[in-house]
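# Remarks on the overall topology
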Amino acid sequence: MSHVMMPNVESTHHASDTTISATRGRRTPAAIVMIVVAMVSLALTACTATPAEDSNTTALNAVRAAVGLPELTRSAELDAKAKAQADRMAKKGTIFHSSNLAAGVTEGWSQIGENVALAGSVDDAQRALEASPGHYANMVNPAFNQVGIGITVRNGITYVVQVFVSR
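Residues numbered from 1 in each chain as written. Predicted model: local features only at pLDDT ≥ 70, side-chain atom pairs only at ≥ 80, totals over all residues. Heavy atoms only, no water.

### Focus on the overall build of the protein
When its secondary structure is counted, the protein shows 5 helices and 6 strands. Overall, the protein shows an N-to-C arrangement of helices and strands of β-β-α-α-β-α-β-α-α-β-β. The buried share of the protein, taken over its 167 residues, is 38%. Long-range pairs, those at least 24 residues apart, make up 73% of the contacts in the protein with a sequence separation of at least 6. When the accessible surface of the protein is split by element, carbon and sulfur atoms take 60% of a total near 9100 Å². (Helix = DSSP H or I, 4+ residues; strand = E, 2+ residues; numbered from the N terminus. Buried < 20%, exposed > 50% of the residue type's maximum accessible area, 1.4 Å probe, protein only. Contact = heavy atoms within 4.5 Å. Areas by Shrake-Rupley, 256 points an atom, 1.4 Å probe, with all protein chains shown as cover.)

See the structure below:
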C-alpha cells in the first residue's frame, strides 16, 4: 500500500540585498571560524547519506534523464530538511507536507517544491510518486536543479520526502 499527497510547491522572487555595511567584505576571526564550521558540517552531512537515499536520488535522476533533463544535485541543507520532515511524519504515523517549506532554506532560490510519500519500501514510494501527476511534475520540473532526500523507516513503514529547489 502506498500513499502520496498532493505536491507542495512555492515560488518566490527575492529582492536583492540593499543593506550595505561598513565591514562588508571583511571577516572577523569569529566569523571565519563560523563559516568553516558550517562548511565542515555540511560536508559531513553530505557524507552521511544512506544507501536508500542515494538509491532514491538515482531513481529520481533516471526519471529526469528519461525526459532529457539534467540530474539534480544533492544538497546537504535540503537533505537535512527532508530528513527532518520524514522523521516528523514517521513520529506521527502519517504523511503531511512541511508547514513552512521555505523555512531553513538559504535565500537565493526562485522555486521550491516537496513530495511526500509512505509505502512498504523506498521503491514502492518512488513508484507511487511517479504515478501521481503532481508529484511527477515536481520530478521533471526543468527549473529545479537541487534536491534533498529524507527517508525514515518506522514500524515497517517507509516515509520518503523529496525537497526540490531551483537556484
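### Considerations on helix H3 (residues 76-92)
Quick reminder: α-helices carry 3.6 residues per turn. Residues three or four places apart thus point the same way. Taking 1.5 Å per residue, 17 residues should reach 24 Å; H3 reaches 24 Å between its end C-alpha atoms and fits that length. Looking only at H3, the buried set comprises Ala76, Glu77, Leu78, Asp79, Lys81, Ala82, Gln85, Ala86, Met89 and Ala90. Residue glycine 93 follows H3 closely and has a positive phi angle near 75 degrees. (Expected span 1.5 Å × (residues − 1).)

### Section: unusual backbone geometry
Despite not being glycine, asparagine 155 shows a phi value in the positive range, around 55 degrees. As for its position among the elements, asparagine 155 is in the loop between strand E5 (146-154) and strand E6 (157-166). Among the residues examined, asparagine 155 registers a relative accessible area of 75% and is labelled exposed.

### A word on the packing of aromatic side chains
One pass over the structure, following the stated rule, counts 1 aromatic pair. The ring centre of phenylalanine 96 lies 5.4 Å from the NZ or CZ of lysine 92, which sits over that ring. (Phe/Tyr/Trp six-rings, centres within 6.5 Å; stacked < 30°, edge-to-face > 60°. Lys NZ or Arg CZ within 6 Å of the ring centre and 35° of its normal.)

### Remarks on the packing of helix H2 (residues 51-66) against helix H4 (residues 122-131)
Viewed as axis vectors pointing N to C, H2 and H4 meet at an angle of 30 degrees, and their least axial separation amounts to 10 Å. Considering their axes alone, H2 and H4 lie roughly parallel with respect to each other. Of the two possible hands of crossing, H2 and H4 adopt the one that is right-handed. Residue-level contacts link Ala52, Ser55, Asn56, Ala59, Leu60 and Val63 of H2 to Val122, Asp123, Gln126 and Glu130 of H4. Within the contact of H2 with H4, the residues separate by chemical class into 5 nonpolar, 3 polar and 2 charged. (Axes fitted to C-alpha atoms, helices over the stretch in contact; angles between N-to-C directions. Parallel < 35°, antiparallel > 145°, perpendicular 65-115°, else oblique. Left-handed = near helix turned anticlockwise from the far one by under 90°. Nonpolar A, V, L, I, M, F, W, Y, C, P; charged D, E, K, R; others polar.)

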